[in-house]
Amino acid sequence: MAIREGAWDCPACGRTGIRGSKKYCGGCGNPRGDDVQFYLPDDAAEVTSAEELERAKAGPDWICAYCGADNPGEDGFCSGCGAPPDDARRREVREIRPDDAKETVPPVQPPAQKPRRSKAWLFGCAGVMAVVVLVAVVLFLIFRPQSAELQVEGHSWQRTVSAEAFRTLTETGWQGEIPADARILSQSRQVRQYRKVQVGTERREKVVTERKQVGTKKVKVGVKDLGNGYFEDIYEDQPVYEEVKKTVTEEEPVYREEPVYGIQIQYEVDRWIKIPDKTVDGRSRQPEWPALADKERAVERTAVYMVLFRDADGDVYEYEAPDESAWLSFTKGQRYVGQVIKPTKKVKSIEKKTGS
Ligand SMILES: [Zn+2]
Ligand SMILES: [Zn+2]
């Protein structure tokens, strides 16, 4: 049980690191005073002399109620004024364990370092931005709608039907799970699934690791402020463990897979099923719908009606009419003004009719 001398700081004059055994400040001569708390410097040496050890073990100092001087535990009168220790307060004896230290210092996190960017990188970045802006401007200029004089050249249309056909399907299923309108073709007994059945047990050896206490060791867990300028180390017995490998025998179940049979049925059933879309197109002004065969039905019908225009330079543009009647209102030879997208050869909008 090592004992070390602590230290204290003078609240009157500010002197620090005053030896714990001193009851008066070497700087201003004042007694320690009520508020002084002892601390143990990191480099405090162990106390070995018999005289000092005796002082350390004499119990906490008492503080004179009349003059404020500290006095050794066993002294019967105050060294400052001669008063007896009758109502004197004794200094606190307390244990300090790092585990229950209230003020834990949060770990200091190194500030995240941002990767430094070179000037070349910044110039490169600005260059890329400039190219992106330039490309955007060029694309806008190329694809912007432009006004054009247009003459109706012709018509085109495309009509699509997504359809279903009524077909006979051949399927298989388990008894009790086939459709009510199924026409049974054949049935047979088949393995439907396998079931695990325990047929016995088996002895198996297994190595397990166990933790076993093999003794104790003394560990320093803190210090005790003796209330008189000295500190005593606190030791605790902590268990010492050892890992021991052990072989154990266990009974383990043994399983067998057992087939479970069911009646499998092959059957026919009639169903509407999706068939590939049917499409027709043409250039006449009389559009038709794709023909549906016997036992086929339409699920959805869609149509696209296009008008072909020619501009003053002879280029042909396509215009998608909003519906069939709008499409039919355009007649070959009629003149219009509209907005066109040159690279895609599309008419974006028709603005007005200018003649026929
Ligand atoms: Zn002082
Ligand atoms: Zn006194």
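Our structure's up above, just so we're on the same page.
What you see is a predicted model; the values in this text were computed from it and never measured. One numbering rule holds for all chains: residues counted from 1, following each sequence as written. Lettering for chains starts from A, numbering for ligands starts from 1, and both go in the order in which the items are written. Confidence filtering applies because this is a predicted model: local features only for residues at pLDDT of at least 70, side-chain atom pairs given and counted only at 80 or more, and all residues used for totals across whole chains, interfaces and linings. The side-chain values count all of the structure's non-hydrogen atoms but skip hydrogen atoms and water molecules.

1. A word on the sheet that holds strand β4 (residues 62-63)
Strands were regarded as paired on the criterion that DSSP finds at least two bridges between them. Only DSSP runs of H or I covering at least 4 residues are called helices, and only runs of E covering at least 2 are called strands; the numbering of each starts at the N terminus. The sheet built from three strands is open, its strands ordered β5-β4-β6 with antiparallel pairing. A strand with exactly one partner marks an edge of an open sheet, and here the two such strands are β5 (70-71) and β6 (89-90). In this structure, β4 lies alongside β5, joined through two bridges in antiparallel fashion. Bridge assignment links Ile63 to a residue of β5, and that residue is Asp70.

2. Description of the coordination of the zinc ion (ligand 1)
Looking at the metal site, the zinc ion (ligand 1) is ligated by Cys10 (SG), Cys13 (SG), Cys25 (SG) and Cys28 (SG), spaced 2.2 to 2.4 Å from it. If you look at the zinc ion (ligand 1), its four donor atoms make angles of 102 to 116° with each other, and the shape they trace is tetrahedral. Spacing between the donor residues of the zinc ion (ligand 1) along the chain follows C-x2-C-x11-C-x2-C. Of this pair, Cys10 sits in the loop between β2 (7-8) and β3 (18-19) while Cys28 sits in the loop between β3 and α1 (50-56), placing them 18 residues apart in sequence. Coordinating donors are taken as N, O and S atoms within 2.8 Å of the metal, stretched to 3.2 Å for Na, K and Ca; because water is absent from the atoms, sites can appear incomplete. When four donors show all angles between 85 and 135 degrees the site is tetrahedral, when four or six donors have opposite pairs over 155 degrees and all other angles between 65 and 115 it is square planar or octahedral respectively, and in every other case it is irregular.

3. Remarks on the side chain of Glu232
Topologically, Glu232 is positioned in strand β10 (residues 230-282). For each residue, the accessible area found with a 1.4 Å probe, counting protein chains only, is set against the maximum for its type, and the residue is called buried under 20%, exposed over 50%, and partly exposed in between. Counted charges follow a simple rule, with Lys and Arg positive, Asp and Glu negative, and His plus the chain ends left uncounted. The rule for a salt bridge is simple: a side-chain nitrogen of Lys or Arg has to be within 4 Å of a carboxyl oxygen of Asp or Glu. Salt bridges are absent for the buried Glu232, whose nearest opposite-charge side chain, Lys224, sits at 4.8 Å. When checking whether two residues touch, look at their non-hydrogen atoms; a contact exists if any pair is within 4.5 Å. In contact with Glu232, not counting residues within four places along its chain, are Met1, Ala2, Ile3, Gly222, Val223, Lys224 and Leu226.

4. Focus: unusual backbone geometry
A positive phi angle, close to 65°, is found at Lys295, a residue other than glycine. Among the secondary structure elements, Lys295 is positioned in the loop between β10 and β11 (296-311). The class of Lys295 is exposed, set by a relative accessible area of 52%. Non-glycine residue Lys345 carries a positive phi angle of around 55°. Relative to the elements of secondary structure, Lys345 occurs in the loop between β13 (335-341) and β14 (346-355).

5. Looking at the packing of aromatic side chains
Aromatic ring pairs are described here by two measures, namely the spacing of the ring centres and the angle between the planes. The criterion for an aromatic pair is that two Phe, Tyr or Trp rings (for Trp, the six-membered ring) have centres within 6.5 Å, with stacked assigned to planes under 30 degrees apart, edge-to-face to planes over 60 apart and tilted to the rest. Taken as a whole and assessed by the stated rule, the structure comprises seven aromatic pairs. Ring plane angle 40° and centroid distance 5.1 Å describe the contact between Tyr305 and Trp327, whose orientation is recorded as tilted. In this pair, Tyr305 is assigned in strand β11 and Trp327 in helix α3 (residues 324-328), connecting sequence segments 22 residues apart. Trp327 matches Tyr305 in its accessibility class, with the two residues each being buried. A ring pair is formed by Tyr319 and Phe330, whose centres lie 5.8 Å apart and whose planes are at 75°; its orientation type is edge-to-face. With a gap of 11 residues between them, Tyr319 in strand β12 (residues 316-320) and Phe330 in the loop between α3 and β13 connect regions that are remote in the sequence. Chaining the aromatic ring pairs together yields one cluster made of Phe309, Tyr319, Phe330 and Tyr336.

6. Some words on the pairing of β10
Alignment of strand β1 (residues 3-5) against β10, held across three bridges, turns out to be antiparallel. Among the inter-strand pairings, Ile3 is bridged to a residue of β10, identified as Glu232. Both strand β9 (residues 183-225) and β10 contribute to a ladder of 38 bridges, which runs antiparallel. Each residue of the ladder has a partner; that of Asp225, found in β10, is Phe231. Taking the residues that link successive antiparallel strands as the turn, the β9-β10 hairpin has four residues, and the phi of Gly227 there is positive, at about 80°.

7. Thoughts on the coordination of the zinc ion (ligand 2)
Protein-derived coordination of the zinc ion (ligand 2) comes from Cys64 (SG), Cys67 (SG), Cys78 (SG) and Cys81 (SG), at a distance range of 2.2 to 2.3 Å. All donors of the zinc ion (ligand 2) belong to a single chain; written as a sequence motif, their spacing is C-x2-C-x10-C-x2-C. Taken together, the residues Cys64 in the loop between β4 and β5 and Cys78 in the loop between β5 and β6 connect sequence positions 14 residues apart. On the accessibility criterion, Cys64 (4% relative accessible area) is buried.

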